[in-house]
Amino acid sequence: FFPGKWPVNYYRFGTSYLDPESHPCSWNDLLCQTDSVVAFQALNDPRYTILNRGGFENVSSTVSGGVPILMYSLTGSATGDLGYVAMPAYDVNLYQERYGSPAPNWMRRPDHLSTWSISGEISAAVMPKLHVTLSNSIFNSNQQQSSLQGGISILEGEYVRTNGLDPLVSNEYEKATDNDVTHQTASTLQWNLFSWLPLNATAGISDAQRIDNTFVPFGVCGVTADGTCGADSTGSYGVGRGSTYDGTVSIGTTLKLPKMATQLDIGGNFHEESVTSLSEYDGNLSRGVSFPDLFPADKSNPGQESVQSASTYGYYMQPRFSLHSKFFVNTGVRLDGGTGNNLNLQAFPKVDFSWVAVDRQSGQRPIWGGLTLLRPRLALGAAGAQPLPAEAVRLLHSPVSISLDGVTNVYYTDLESIGNPNLTSEKSSEIEGGFDVELWHGRVAMTWTGYKKQTKRAIIPVIIAPSLSIGSIGTRPYYENVGDITNAGNEITCNIELFQRQAFSWEVGGNYSQN
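Remember, predicted model here, so these are calculated numbers, not experimental data. Just so you know, the residues in each chain are numbered from 1, in the order the chain's sequence is written. Only residues with pLDDT of at least 70 get local features here, since the model is predicted, and only at 80 or more are side-chain atom pairs given and counted; chain-wide, interface and lining totals rely on the full set of residues. The basis for every side-chain value is the complete set of heavy atoms in the structure, and neither hydrogens nor water enter the calculation.

**Remarks on the overall build of the chain**
- Regarding its fold elements, the chain presents four helices and 28 strands.
- When the 515 residues of the chain are sorted by exposure, 28% land in the buried category.
- In what follows, residue pairs with any heavy atoms lying within 4.5 Å of each other are defined as contacts. A sequence separation of at least 24 residues applies to 65% of the contacts in the chain between residues at least 6 apart. Under the scheme used here, helices are H or I runs from DSSP no shorter than 4 residues and strands are E runs no shorter than 2 residues, and both carry numbers assigned from the N terminus. Each residue is placed in one exposure class: buried if its accessible area under a 1.4 Å probe, protein chains only, is under 20% of its type's maximum, exposed if it is over 50%, and partly exposed if it falls in between.

Shown next, in the form of structure tokens:
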């Protein structure tokens, strides 16, 4: 931002038989008799501009150390970002004159973002064969804003004519804050119980809390529909609270059978996610009250509250075999399930084959004058995807009473989220085949892959009827299992080594894909 450098506008002034006093006229007003042309830009005028100097501060520190059996690290950081918008000097003076006290600092410099974070990790060799790692982090973000951010679009094209009553920017007395706190904890364990039986385990928890506030102080200007100052406001305070919990546990091991080229991977995992939101609004504050108690302990007035939760779990077993380091077979099956409608335990098998038919090492003569590597491969598998909680859960607002005849109250409710309770998981299967070829020990390398994937009961967002666009629902997608999708194609790559020396090499490569 360069003070005084905002583009200047030119305004036409004149009189007419409807208004004999000089006033701004539009350039296409044929009834206006021009008496002057004035160059003006409110954003360049120190009395009216909302542009000011911003700033950014950042500090961080890291400490680490330890001994071979116990290592640690700790990092902390903090930032402060002050935006460039500020309450116009004219509005600052107007507030002082009208209310007899200076405008609060959050009103004068409303655009501010501050963050801080702390993270740490400890790694310990509890025993020669047992290693444990623990990590923890906290991140806090606080964003403060007001309606002053919209002042640029209001003032940049306006010729300011003050009346001593109304502020330049409407609703600039309102403050909005967003506070986010994210806490993450994770642990890993590696235990080589036997040389042929290592055990791996991971666990993690993520918890995110969000609080959004809007606040208009008691006794300040209430903005009317035309943007002017109305009667003094009774104040208002709105708050929305949301929390997201995400937990994951995974355990696995690789069983290496002695004296055999066989390996067995087995394990399982569990994942749980929960989203809770709560909102409330009070539009009639008492004098001096800034933050009323909207959430009593007895929950007799909980406002609008919604809870969405889901969990998934799975088990897997994957045997792998090799024969003379030439023929490889990887098989496996995974069992997945979860909470919700139609999320029963399902099996997803897979198998892939790879055969090193030709493998001429350096110094060995190529086959057929040039072939040094030929590896055909084939893979088949199945997978699935389950709907998210927000896609499958349908929630209603808290019941509200309304009187239809002036005597009897009738309770009604409407949709808060338009999830599809009949949504079920999608399932896909895929076959893929191809080969890898090298000529003259890598001077020419080519690969070809062909694939075909079929998805059944695909989860796709669809258009909903306009009649369901209640509040913010119209901006949220609605998901259905719409049908089957087939995706097939080919991929080809080729690399040629034109020149190779110790100090210089030249390679040319290309690829082609079709879907």
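Right, picking up where we left off after that structure.
**Some remarks on the nonpolar core**
- We define the nonpolar core as a collection of buried residues of types Ala, Val, Leu, Ile, Met, Phe, Trp, Tyr and Cys that are connected through side-chain atoms lying within 4.5 Å of one another. Counting 32 residues, the largest nonpolar core has Ile50, Met87 and Leu155 as the members making the most contacts within it.
- Breaking this core down by element, the ones donating at least two residues are β1 (9–15), α1 (89–99), α2 (105–108), α3 (151–155), β9 (197–216) and β12 (236–256).
- Every residue in contact with isoleucine 50, bar those within four places of it in the chain, is listed here: Leu43, Tyr84, Val85, Ala86, Pro88, Leu148, Gly151, Ile152, Leu155 and Val169.

**What to know about the sheet that holds strand β3 (residues 33–40)**
- Sheet architecture is open: three strands sit in the order β2-β1-β3, paired in antiparallel fashion. In the strand order of this sheet, the two ends are held by β2 (23–25) and β3, each with one partner. Each adjacent strand pair in this sheet contributes to an overall mean axis angle of 45°, direction not counted. Only when DSSP finds a minimum of two bridges between them are two strands counted as paired. Only the stretch in contact is used when fitting a helix axis, every axis being a line fitted to C-alpha atoms; angles between N-to-C directions are given from 0 to 180 degrees.

**Examining the environment of aspartate 111**
- Topologically, aspartate 111 is positioned in the loop between α2 and β6 (112–127).
- For the pair aspartate 111 and alanine 86, spaced 25 residues apart in sequence, the C-alpha to C-alpha distance is 8.0 Å.
- If sequence neighbours within four positions are ignored, aspartate 111 has contacts with Asp81, Leu82, Gly83, Val85, Gln143, Gln144, Gln145 and Gln149.

**Side note on the pattern of salt bridges**
- By definition here, a salt bridge exists when the distance from a side-chain nitrogen of Lys or Arg to a carboxyl oxygen of Asp or Glu is within 4 Å. Summed over all chains, the structure comprises nine salt bridges.
- Aspartate 178 is paired through a salt bridge with arginine 210; the nearest N and O atoms lie 3.9 Å apart. Taken together, the residues aspartate 178 in strand β8 (residues 175–194) and arginine 210 in strand β9 connect sequence positions 32 residues apart.
- Classification of aspartate 178 as partly exposed rests on a relative accessible area of 25%.
- Using a relative accessible area of 35% as the deciding quantity, one classes arginine 210 as partly exposed.
- What you see here is one network of salt bridges that share partners, running through Asp178, Asp180, Arg210 and Asp212.

**A word on α1**
- Considered for burial, the residues of α1 that qualify are Tyr90, Asp91, Val92, Leu94 and Tyr95.
- On the buried face of α1, the contacting elements are α2.
- Taken from the residues just after α1, glycine 100 is the one with a positive phi, measuring 75°.

**Things to note about unusual backbone geometry**
- Even without glycine at this site, tryptophan 440 takes up a positive phi of about 55°.
- With a phi close to 55°, arginine 457 is a non-glycine residue in the positive phi region.
- Tracing the backbone shows arginine 457 in the loop between β24 (444–456) and β25 (459–462).

**Some words on the pairing of β9**
- Across 19 bridges, β8 lies against β9 in antiparallel orientation. Considered in β9, the bridge of alanine 176 is made with threonine 214.
- Between β8 and β9, which pair antiparallel and follow one another directly, the connecting turn spans two residues.

**Overview of the confidence of the model for the chain**
- The predictor's confidence in any single residue is recorded as pLDDT, a number from 0 to 100. In this model, the chain carries an average pLDDT of 82, and 83% of its residues clear a pLDDT of 70 or more.
- Here strand β20 (residues 400–403) stands out as the least confident element of the chain, with mean pLDDT 64; strand β5 (residues 70–82) is the most confident, with 95.
- In the model, residues 295–302 has pLDDT below 50 throughout and makes ten contacts with residues more than four positions away in sequence or in other chains.

**Thoughts on the pairing of strand β23 (residues 426–439)**
- Strand direction decides the pairing type here: strand β18 (residues 371–385) and β23, joined by 14 bridges, are antiparallel. Bridge pairing in β23 links leucine 378 to glycine 433.
- In terms of strand pairing, β23 meets β24 through 13 bridges, oriented antiparallel. Across the sheet, the residue bridging to leucine 439 is valine 444, located in β24.

**Digging into the packing of aromatic side chains**
- A pair of aromatic rings is counted whenever rings of Phe, Tyr or Trp (Trp by its six-membered ring) have centres within 6.5 Å, and the orientation is called stacked for planes under 30 degrees apart, edge-to-face for over 60 and tilted otherwise. In the structure shown here, the tally under the stated rule is twelve aromatic pairs.
- A centroid spacing of 5.7 Å and a plane angle of 50° characterise the contact between phenylalanine 499 and phenylalanine 504, whose relative ring orientation is tilted.
- A residue is classified by how much of its surface remains accessible, and phenylalanine 504, at 49% relative accessible area, is partly exposed.
- In this structure an aromatic cluster arises from ring pairing among Tyr11, Phe13, Phe40, Tyr48, Tyr90 and Tyr159.
- Counting as a charge over the ring demands two things of the Lys NZ or Arg CZ atom: a distance within 6 Å of the ring centre and an angle within 35 degrees of the ring normal. A cation over an aromatic ring shows up here: lysine 175 above the ring of tryptophan 106, its NZ or CZ 5.0 Å from the ring centre.

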